[in-house]
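Each chain, letter by letter, is given below.
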Amino acid sequence: MLSPAAASVPARTPSRPLRLYDSWWTVAAAGLVAMIVLTAGLWCSLHVRTDQTLHTAVLFVHLASLVLGFGAVLSADYYGLLWATGRCPLGEAIAATSRLHVPIWAGLGGLVASGLMLQPDLHSLLTQTKIALVALLTLNGLQAGLLGRRLAEATEPIGRGMTAWGGATALLSQACWWGAVAIGFLNTNR
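Computed from a prediction, not measured in an experiment: that's the story for all the values here. (Residues numbered from 1 in each chain as written. Predicted model: local features only at pLDDT ≥ 70, side-chain atom pairs only at ≥ 80, totals over all residues. Heavy atoms only, no water.)

Participant: Talk me through the overall build of the protein; I want residue IDs and the actual numbers.
Facilitator: Looking only at helices and strands, the protein features seven helices and zero strands. From first element to last, N terminus to C terminus, the protein shows the α and β order α-α-α-α-α-α-α. On C-alpha atoms alone, the protein measures out to a radius of gyration of 21 Å, which is more than a quarter above the 16 Å that the 2.2 N^0.38 rule sets for 190 residues. For the C-alpha atoms alone, the extent of the protein along its principal axes is close to 80 × 45 × 25 Å. Buried residues in the protein amount to 32% of all 190 residues. Across the protein, contacts joining residues at least 24 apart in sequence account for 79% of those joining residues at least 6 apart. Averaged over its 11 positive side-chain charges, the protein has a centre that lies 3 Å from the centre of its 7 negative ones. (Helix = DSSP H or I, 4+ residues; strand = E, 2+ residues; numbered from the N terminus. Rg over C-alpha atoms; globule rule 2.2 N^0.38 Å. Buried < 20%, exposed > 50% of the residue type's maximum accessible area, 1.4 Å probe, protein only. Contact = heavy atoms within 4.5 Å. Lys, Arg positive; Asp, Glu negative; His and termini not counted. Charge placed at Lys NZ, Arg CZ, Asp CG, Glu CD.)

Written as C-alpha cells, this is what we have:
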C-alpha cells in the first residue's frame, strides 16, 4: 500500500529524446556541426587526388545528386506555392514537403561529398562563392525544418510572420541552389 505522501506525487512521464527541430538551440548546434564537417571536408579535398576514371564516376554522382536534391527542392517549393496561392490546403503542402526532406538532404550530401572529390580550386573566387552558397543552403535547410515543424504544429491560421518566414526560406533556397548550379556550370567551362 502506498503512503499518503507517495500517492500525492504525480507519476513521472518518461522524457523523450532531444530531436533536431525541437528549438533554435538544437538547430544552431546542428548548424555548427554541419559547418565543422564542411570545413573538414574542404581540408580533405586539398589532399585527395582522383584519377580520370574515378573523376568521371564522381562527376556522375555529383550530377545525380543535383537532380535528386534540387528536384526535391523544386517540388517542395511548388507545394509551398500551391498553398500560398490557395490551391491546396496547408496540411497537404506540409505532408508533401515533409516527405521530400530525405531526398533533399541526400542530394545535398551527395553534392558536397562528390564536389569535394572533384578537386575544387579553393583559391578561386567562384569556388569560394559556391562554398558560401552551400554553407548558407545547409543552414537555411536546417532552419526550414524548424519552420516545417512549427507549421505542422500550428493550431491557428498561419499569420503573416510565418508566411513571410516561409517565403524568405524558399527564396533563399532557390537563390543558393541556382547560384551554386550557375557557378558549377561556369567552373566546368573554364
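Now that the structure has been shown, we can carry on.
Participant: So what's going on with the pattern of salt bridges? Which residues, and what values?
Facilitator: A full pass over the atoms with the stated rule returns three salt bridges. Of the charged contacts in the structure, one is a salt bridge between Asp22 and Arg19, with a shortest N-O distance of 3.6 Å. Judged by its relative accessible area of 22%, Asp22 falls in the partly exposed class. Arg149 is the salt-bridge partner of Glu153, the closest N and O atoms lying 2.9 Å from each other. Here Glu153 and its partner Arg149 are both found in helix α6 (residues 125–153), four residues apart, which amounts to about one turn of the helix. (Salt bridge = Lys/Arg side-chain N within 4 Å of Asp/Glu carboxyl O.)

Participant: Residues and numbers for the environment of Trp24, please.
Facilitator: Tracing the backbone through its elements, the reader meets Trp24 in helix α2 (residues 24–45). Here Trp24 falls in the partly exposed class, since its relative accessible area comes to 43%. Beyond its immediate stretch of four places on either side in the chain, Trp24 contacts Gln143, Leu146, Arg150 and Trp165.

Participant: Before we move on, can you summarise the UniProt feature "transmembrane region" (unreviewed entry) in the protein with the specific residues and values?
Facilitator: Under the UniProt annotation, the feature "transmembrane region" (unreviewed entry) is placed at residues 24–46, 58–80, 100–119, 131–152 and 164–186. Helix makes up 96% of residues 24–46 and strand makes up 0%, while its end C-alpha atoms are separated by 33 Å. Summarising residues 58–80: 100% helix, 0% strand, and an end-to-end C-alpha distance of 33 Å. (UniProt positions renumbered as here; feature names shortened; annotations may be inferred.)

Participant: Go over the environment of Leu151, please, and point to the residues and values.
Facilitator: Here Leu151 lies in helix α6. Separated by 31 residues in the primary sequence, Leu151 and Ala182 have C-alpha atoms spaced 32 Å apart. Leave out the neighbours within four places in its chain, and Leu151 touches Leu90, Ile94, Ile158 and Met162.

Participant: Describe the side chain of Thr50, listing the residues and the values that go with them.
Facilitator: Summarising the element assignment, Thr50 is placed in the loop between α2 and α3 (52–84). The exposure class assigned to Thr50 is buried, which follows from its relative accessible area of 14%. Setting aside residues up to four positions removed in sequence, Thr50 forms contacts with His55, Met117 and Gln119.

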